[in-house]
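Below, each chain spelled out in residue letters.
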Amino acid sequence: MAMPLNYQLPFKVRIKSFWANEQLTVEEINNFVPNKEQLKDFQSRVIIPEYKNFSIEFKVVAEAEDAVLKIEDVGRVERKLELKPAQEQQLYGAKQEEKFPWTPDDYLLTVEHQGQEYYAKFKVNPKNMSSYQMTRLRKVVNNLLKGLVFDIKYERKGRLKGGFFADFDIYLLDIIEKNLEMIIRCSTEIINSPILSVGKNYQERSERFVLDKKALQWLGSPKGQAKNSSLRQPNTLYQRRVQRSIDNPENKWFIKIIDFINLRLKELERKLESQKQAKEDLCVEINKRRERLKKELSEIEQRSDSYKFKSELIRIKGMLKGSREELKNYHESLAVVDNNLQRVKRLLRYFSFVMESELYFKNTDFRQIKKPSNKLFKEPRYRALYDLYQQILNCNQDSFSLDSKSYQFKDSDKLYEYYVLINTIKALEDLGFKWQEDWLKDKLKQEALLTEIPKGTVIKFENEDCYLEMCYEEEIEVYSESKIQTSQSRFLASKNWRPDLRLDIYTKNKEYLRSFIIEIKYSKFRLLYDNDFKTEVSAQLRKYKTDIEYLTATGELKENPIDKVLITYPQEWGSEEAVKRRYRGRFIFIQLSPAKDELEEQYGYAEFKKELGEIIFK
């Protein structure tokens, strides 16, 4: 096992943690090593709790004034991540409303001094569960949809770069899809029956055979005479042997072509994912702008003298109409990007079988080959693939490289949201509901890489007696007289509430019955509820019960459609009560998370499923 440096370092690195403006702890990082690979053998000694204010201080001895401390850039930090001697940098807590940039993980520190680099790491621990629980939670989320745990906007070495893809990229996609049947057919045939190179060499053997000229020469040579006591009846002869091998130029070219197409597709996949995320971010910003305009419009319309603001009303309505069209255009282009991304992923799956074949592992030096052989051009299978390779090369000669990426994990509160959503789906299926075909289920069938579940996603379930819709972060519209006049059923409230999960219960004939809400909180119970409704969360929960109304398609306004509110939060140490009922049983607090105990899979799932069943089937 590698050991830390056992001599005096020419510098000191200390991490200070704060609460408000009061310094709580100071810890020195002294387990630096000269080789980054050695860090794998060490546990991080300096632990920073998630969301804790902290700073890093860098000091050196007099002769180390040229040293530099570099802090791993996770893409979210908007301040300097390099420190000179005698500098201190507050990494979190310096600004109000700042988002904690480091999700639970290990992070790299590098000190450069006189051409030598020293490496250490610090660890960020999750705030509301153990590191073991967080690891289990991430596995549950990623097992539902690959990539869902990652935030692809952020690399562990900085923000993702890469602009909008060029026409060539989609042309490349079209070429490969058009020739896919040929690629699969030729590849399968080559793997099953590749060109074999024939080699001849001589071996000393005891079997009898017709001697050729070289065998006779060997027999008369000193070596042949030494092996045999009699040349009339020799015991050992020099025999020609034919050998066949798949390690040859033609097969190297085959692997090179498939590898080339595979790398191009992976590069296109990265570009599409980057563009998709950029468009989604733009949609979020437009929606935020629309919400501000809607709020402004609502405030003016509710004034008794609103007629005085006619021009302002026209302006706001015009901006809302323009932003609606803008949002529609972005959604349409986003659908195109997503469709192309799924096309790329399907193609990549087809090429994986070549990379797992014996042919690939016997020709690992395929990138060294330059000139195709005449035999390649004479063999139709190899020639067809080579012609496709030249077609792709000729339409774009730009060089490219593909660096391996390591993305930042999503924030813990968002991952906990996904975890509860997944367990709600599981609980409903365990209660006898069948998950109907919808957007999310379709993604699961495609085994698509998905980096986010969009707000407003509706997941549908059905059993023999009722129909159920689960709405993820669907916004509730603000009440207005004009909406009462419409013939569209909807939820209305005095504010644009967006419950984490709203479950609407209908009869088998889709006649609305009632709803309940699951609010997901990555927090401690003491911060969630008080009997006087002084906390922000408890006030919000009461509003869910009293403020939300349901407007039927016939114009009937149903008051208090929210029957219950379930609030999930992670398992707490020392709490034997998995379920807490408050506000005359209308609020049900349930601890739900991966279990702290390795022998248990989950904590609170049985209670959570039981409560769901009682609410739905009452």
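Residues numbered from 1 in each chain as written. Predicted model: local features only at pLDDT ≥ 70, side-chain atom pairs only at ≥ 80, totals over all residues. Heavy atoms only, no water.

1. Quick notes on the sheet that holds strand S5 (residues 68-71)
An order of S3-S9-S8-S5-S6 is seen for the five strands of this open sheet, with the pairing classed as mixed. Each of the sheet's edge strands pairs with one partner strand only, and the pair in question is strand S3 (47-49) and strand S6 (82-83). Bridge count between S5 and strand S8 (residues 105-113): four bridges; the pairing is antiparallel. Residue pairing for S8: Val-68 is matched across the bridge by Glu-112. (Pairing = 2+ DSSP bridges. Helix = DSSP H or I, 4+ residues; strand = E, 2+ residues; numbered from the N terminus.)

2. So, the sheet that holds strand S16 (residues 457-462)
Strands pair in a sheet through their backbones, by hydrogen bonds, and they do so in one of two ways: parallel or antiparallel. Overall, mixed pairing links the eight strands, which are arranged S15-S16-S17-S20-S21-S24-S26-S25 in an open sheet. Only two strands of the sheet have a single neighbouring strand rather than two, namely strand S15 (434-435) and strand S25 (579-582). Pairing of strand S24 (residues 562-569) with strand S26 (residues 587-591), which is carried by five bridges, proceeds in the parallel orientation. Paired with Ile-567 across the strands is Phe-589, a residue of S26.

3. A closer look at helix H3 (residues 180-192)
Between its first and last C-alpha atoms H3 spans 18 Å; for 13 residues at 1.5 Å apiece the expected length is 18 Å, and the two agree. Buried within H3 are the following residues: Leu-180, Met-182, Ile-183, Cys-186, Ser-187 and Ile-190. One side of H3 holds all its buried residues, which, seen down the axis, span an arc of 155 degrees. Exposed residues on H3 whose side chains face more than 90 degrees from its buried face are Glu-181 and Asn-192. (Expected span 1.5 Å × (residues − 1). Buried < 20%, exposed > 50% of the residue type's maximum accessible area, 1.4 Å probe, protein only. Arc of directions from axis to C-beta.)

4. Overview of the side chain of Gln-571
Positionally, Gln-571 belongs in the loop between S24 and S25. A relative accessible area of 12% places Gln-571 in the buried class. For Gln-571, the side chain forms a polar contact with the main-chain nitrogen of Lys-596, separated by 3.2 Å. (Polar contact = N/O pair within 3.5 Å; in protein donor to acceptor, adjacent residues only side chain to side chain.)

5. Here we look at the packing of aromatic side chains
Aromatic ring pairs are defined here through the distance separating the ring centres and the angle between the ring planes. Within the structure shown, the criterion is met by 25 aromatic pairs. With centroids separated by 6.2 Å and ring planes inclined at 20 degrees, the aromatic side chains of Tyr-416 and Tyr-419 adopt a geometry described as stacked. Of this pair, Tyr-416 and Tyr-419 both sit in helix H11 (residues 412-430), separated by three residues, roughly a single helical turn. For Tyr-419, a relative accessible area of 1% translates into the label buried. Connected via pairs of aromatic rings, a cluster forms that spans Trp-253, Phe-260, Phe-377, Tyr-386 and Tyr-389. Note that Arg-138 overlies the ring of Phe-409, its terminal NZ or CZ placed 3.7 Å from the centroid. The ring of Phe-525 has Lys-580 lying over it, and the distance from NZ or CZ to the ring centre is 4.8 Å. (Phe/Tyr/Trp six-rings, centres within 6.5 Å; stacked < 30°, edge-to-face > 60°. Lys NZ or Arg CZ within 6 Å of the ring centre and 35° of its normal.)

6. Digging into a positive patch on the surface
A cluster of basic residues, Lys-295, Lys-495, Arg-542 and Lys-543, forms a positive patch on the protein surface. The topology assignment puts Arg-542 in helix H14 (residues 536-547). (Patch = residues over 30% accessible without salt bridge, like charges linked within 9 Å, V, L, I, M, F, W, Y side chains within 5 Å. Areas by Shrake-Rupley, 256 points an atom, 1.4 Å probe, with all protein chains shown as cover. Salt bridge = Lys/Arg side-chain N within 4 Å of Asp/Glu carboxyl O. Lys, Arg positive; Asp, Glu negative; His and termini not counted. Charge placed at Lys NZ, Arg CZ, Asp CG, Glu CD.)

7. Overview of the environment of Asp-547
Its place among the elements puts Asp-547 in helix H14. Relative accessible area serves as the criterion here: at 15%, Asp-547 is assigned to the buried category. Linking Asp-547 and Lys-495, residues 52 residues apart in sequence, is a C-alpha distance of 8.4 Å. Among all residues touching Asp-547, those that are not within four sequence positions of it are Leu-492, Ala-493, Ser-494, Lys-495 and Trp-497. A polar side-chain atom of Asp-547 sits 2.9 Å from a polar atom in the side chain of Trp-497. (Contact = heavy atoms within 4.5 Å.)

8. Regarding the confidence of the model for the protein
When pLDDT is averaged across the protein, the result is 77; 77% of the residues are at 70 or more. The model gives residues 157-168 a pLDDT under 50, and that stretch makes 26 contacts with residues more than four places away or in other chains. Of the regions scoring below 50 in pLDDT, residues 396-405 engages in 12 contacts with residues more than four places distant in sequence or in other chains. (pLDDT = per-residue confidence, 0-100.)

9. Points about the pairing of S8
Here nine bridges tie S8 to strand S9 (residues 116-125), and the two strands are oriented antiparallel to one another. For Glu-112, the partnering residue across the bridge sits in S9 and is Glu-117. Counted along the chain from S8 to the antiparallel partner S9, the turn is two residues long, and its residue Gln-114 has a positive phi close to 50 degrees.

10. Let's talk about the pattern of salt bridges
One pass over the full model with this rule turns up 27 salt bridges. The residue Glu-57 makes a salt bridge to Arg-14 at a minimum N-O spacing of 2.7 Å. Note that Glu-57 is positioned in strand S4 (residues 53-60) and Arg-14 in strand S1 (residues 11-19), a separation of 43 residues in sequence. Judged by its relative accessible area of 27%, Arg-14 is partly exposed. Among the salt bridges present, the one from Arg-502 reaches Glu-474, with a minimum N-O distance of 2.9 Å.

11. As for the nonpolar core
Core analysis: the biggest nonpolar cluster contains 49 residues, and Val-141, Tyr-416, Leu-421, Phe-461, Phe-516, Ile-518 and Leu-566 have the highest contact counts within it. Only helix H1 (131-144), H11, S16, strand S17 (466-472), strand S20 (501-507), strand S21 (512-520), S26 and helix H15 (605-616) provide two or more residues apiece to this core. A per-element tally of this core places H11 first, with 10 residues. Apart from the residues within four sequence positions on either side, Phe-461 is in contact with Ile-425, Leu-428, Phe-433, Lys-434, Trp-435, Gln-436, Tyr-467, Leu-468 and Met-470. (Core = buried A, V, L, I, M, F, W, Y, C linked by side-chain atoms within 4.5 Å.)

12. Observations concerning unusual backbone geometry
Positive phi, close to 70 degrees, is recorded for Lys-510, a residue that is not glycine. Tracing the backbone through its elements, the reader meets Lys-510 in the loop between S20 and S21. The exposure class of Lys-510 is partly exposed, given its relative accessible area of 48%. Of note in the backbone geometry, Asn-560 takes a positive phi value of approximately 50 degrees without being a glycine. One can find Asn-560 in the loop between strand S23 (557-559) and S24.

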